[in-house]
Amino acid sequence: MRSGSSELLLEQQQQELRLRKLRELAPKKKNGNRRFRSWRERVRFYSTSTLAFFSVTAGASLLFLVPLYVDPAISTLSHDFIEQPTLCTTTRRENLIGIFNCSWSSCREGCTSDLYRCVHIYVTFIEQNITIPENMTDFTNYTAEWEQSDEATLLVNIKGCGYPPTVTCSKFNAFYGLPGAIFPCYYSRKNKTVVMTSYNHDDQVNMIIHFFAIPFVITMISSIALCVMHCDCRCKKDRSHRRNRPQSRRPRIDNLSDTSISTRVDMLTPAIEVYKPPL
């Protein structure tokens, strides 16, 4: 009986030791050591996240908005198109095939693909300042009274390309590519061989403001705010080297007057007389 009870006690002690070791090896709960953030730290964290989001989003949007919208708008303004429309007459249309024949196109869907098929539409326009009646639909008799310009190229926009639904080349070519068609248009004052079907100066300026100025300002403001919050942007002069710099003493300059030199010569004369080298 005693041996059986002693074995039971040993087993209980071993189980208790095992449980104690398992508790020691088990991962401790982190809730006990969790530190709660103050309201200042929370505001700093959320403001940093918001500013970083706006900075990255606005900066990345510029990579797509500048080539698609801003660059064509700047090119359109630089060509100085007339603000009041004139009348154009389609003279001829050419449907060409081949990459060497298609260096440009009056209209194409997509501005990055290579041109293998293109349509060239040529028009003439009235250079004089005219006022087109609002309700007029038949311009045949109206254009006969005015002198026509030299032949120019018709473009859907300054780049001659776009993306649906803004630009639909099938409708554009069917309407404006018909020889003898008369329609309002805008020609460039700097290059009169470039003609567009629609133009609005204010729309081009608004496009530059909305697609370039606003994202650029947001990127700059958010980046500067992040720099101020997390970087020491102040300019401090480092004066530590001045403090540790040893003070340099001026070299001692002996008196080089005539009296001092003569005095030293008189003092050396007796010593020379005492020592006489042997002959």
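Here the structure is a predicted model, which is why all the values come from computation and not from measurement.

**A look at the overall build of the protein**
For the protein, the count of helices and strands is seven helices and five strands. Mapped from its N terminus to its C terminus, the protein presents α and β elements in the order α-α-β-β-α-β-α-β-β-α-α-α. Considering the protein as a whole, with its 279 residues, one finds that 26% of them fall into the buried category. Restricting to contacts in the protein with at least 6 residues of sequence separation, those with at least 24 account for 76%. Just so you have it, the protein exposes about 22100 Å², and 57% of that area is on carbon and sulfur atoms.

**Some remarks on the state of the cysteines**
Counted by the stated rule, this structure contains four disulfides. Across a sulfur-sulfur distance of 2.1 Å, cysteine 111 and cysteine 161 are joined as a disulfide pair. An S-S torsion of about 110° defines the bridge between cysteine 111 and cysteine 161 as right-handed. Pair noted here: cysteine 111 is in the loop between strand E1 (86–97) and strand E2 (117–125) and cysteine 161 is in the loop between strand E3 (152–155) and helix H4 (169–176), with a separation of 50 residues, a long-range link.

**Side note on H4**
Listing the buried residues of H4 in full gives Cys169, Phe172, Asn173 and Tyr176. Along H4, the residues classed as buried sweep out an arc of 95° about the axis, all on the same side. What points out from H4, more than 90 degrees from its buried face, is the exposed set Ser170, Lys171 and Ala174. Close packing links the buried residues of H4 with E1, E2, E3 and strand E4 (182–187).

**Regarding the UniProt feature "transmembrane region" (unreviewed entry) in the protein**
Listed under "transmembrane region" (unreviewed entry) in the UniProt record, and renumbered for this structure, are residues 45–70 and 207–229. With 100% helix and 0% strand, residues 45–70 has its two end C-alpha atoms placed 35 Å apart. Taken end to end, residues 207–229 is 100% helix and 0% strand, and its two terminal C-alpha atoms sit 33 Å from one another.

**So, the nonpolar core**
Within the largest apolar cluster, 26 residues are counted, with the highest numbers of intra-cluster contacts made by Leu154, Phe183 and Val195. Counting six residues, the second-largest nonpolar core is a separate cluster that includes Ile126, Ile130, Ile132 and Tyr142.

**Concerning unusual backbone geometry**
Omega for the bond connecting proline 164 with proline 165 falls within 30 degrees of zero, at 0°, which places this linkage in the cis form. Its place among the elements puts proline 165 in the loop between E3 and H4. Phi angles above zero are rare outside glycine, and aspartate 80 is one such case at about 55°. By secondary structure assignment, the location of aspartate 80 is in the loop between helix H2 (39–78) and E1.

**A word on the sheet that holds E4**
With respect to topology, five strands assemble into a closed barrel ordered E1-E2-E3-E5-E4, the strand pairing being mixed. Neighbour-to-neighbour, the strand axes of the sheet open up by a mean angle of 55°, direction not taken into account. With four bridges joining them, E1 and E4 adopt antiparallel strand pairing. What sits directly across from threonine 86, in E4, is cysteine 185. Contacting E1, E2, E3 and E4, H4 runs over the sheet at an angle of about 40° to E2.

**A look at the packing of aromatic side chains**
Across all of its chains, the model carries 11 aromatic pairs by this definition. Centre to centre, the rings of phenylalanine 53 and phenylalanine 54 are 5.7 Å apart; their planes meet at 70°, and the pair counts as edge-to-face. For phenylalanine 54, a relative accessible area of 40% translates into the label partly exposed. The interplanar angle of 90° and the centroid separation of 6.0 Å between the aromatic rings of tryptophan 104 and tyrosine 122 together place this pair among those described as edge-to-face. Of this pair, tryptophan 104 sits in the loop between E1 and E2 while tyrosine 122 sits in strand E2; the two residues are 18 residues apart in sequence, bridging distant segments of the chain.

**Brief notes about the pairing of E4**
Across a regular strand the side chains alternate sides, sitting on one face of the sheet and then on the other. Bridge count for E4 against strand E5 (residues 194–196) is two bridges, and the pairing is antiparallel. Residue pairing for E5: tyrosine 187 is matched across the bridge by valine 195. Hairpin connection, E4 to E5: the antiparallel pair is bridged by six residues.

**Side note on the pattern of salt bridges**
For the coordinates displayed, the defined rule picks out five salt bridges. Residue aspartate 80 pairs with arginine 189 through a salt bridge whose shortest N-O separation is 2.9 Å. In this pair, aspartate 80 sits in the loop between H2 and E1 while arginine 189 sits in the loop between E4 and E5, placing the two residues 109 residues apart along the sequence. Residue aspartate 80 is classed as partly exposed on the basis of its relative accessible area, which comes to 31%. A relative accessible area of 44% places arginine 189 in the partly exposed class.

Criteria and cut-off values
- Residues numbered from 1 in each chain as written.
- Predicted model: local features only at pLDDT ≥ 70, side-chain atom pairs only at ≥ 80, totals over all residues.
- Heavy atoms only, no water.
- Helix = DSSP H or I, 4+ residues; strand = E, 2+ residues; numbered from the N terminus.
- Buried < 20%, exposed > 50% of the residue type's maximum accessible area, 1.4 Å probe, protein only.
- Contact = heavy atoms within 4.5 Å.
- Areas by Shrake-Rupley, 256 points an atom, 1.4 Å probe, with all protein chains shown as cover.
- Disulfide = S-S within 2.5 Å.
- Arc of directions from axis to C-beta.
- UniProt positions renumbered as here; feature names shortened; annotations may be inferred.
- Core = buried A, V, L, I, M, F, W, Y, C linked by side-chain atoms within 4.5 Å.
- Pairing = 2+ DSSP bridges.
- Axes fitted to C-alpha atoms, helices over the stretch in contact; angles between N-to-C directions.
- Phe/Tyr/Trp six-rings, centres within 6.5 Å; stacked < 30°, edge-to-face > 60°.
- Salt bridge = Lys/Arg side-chain N within 4 Å of Asp/Glu carboxyl O.

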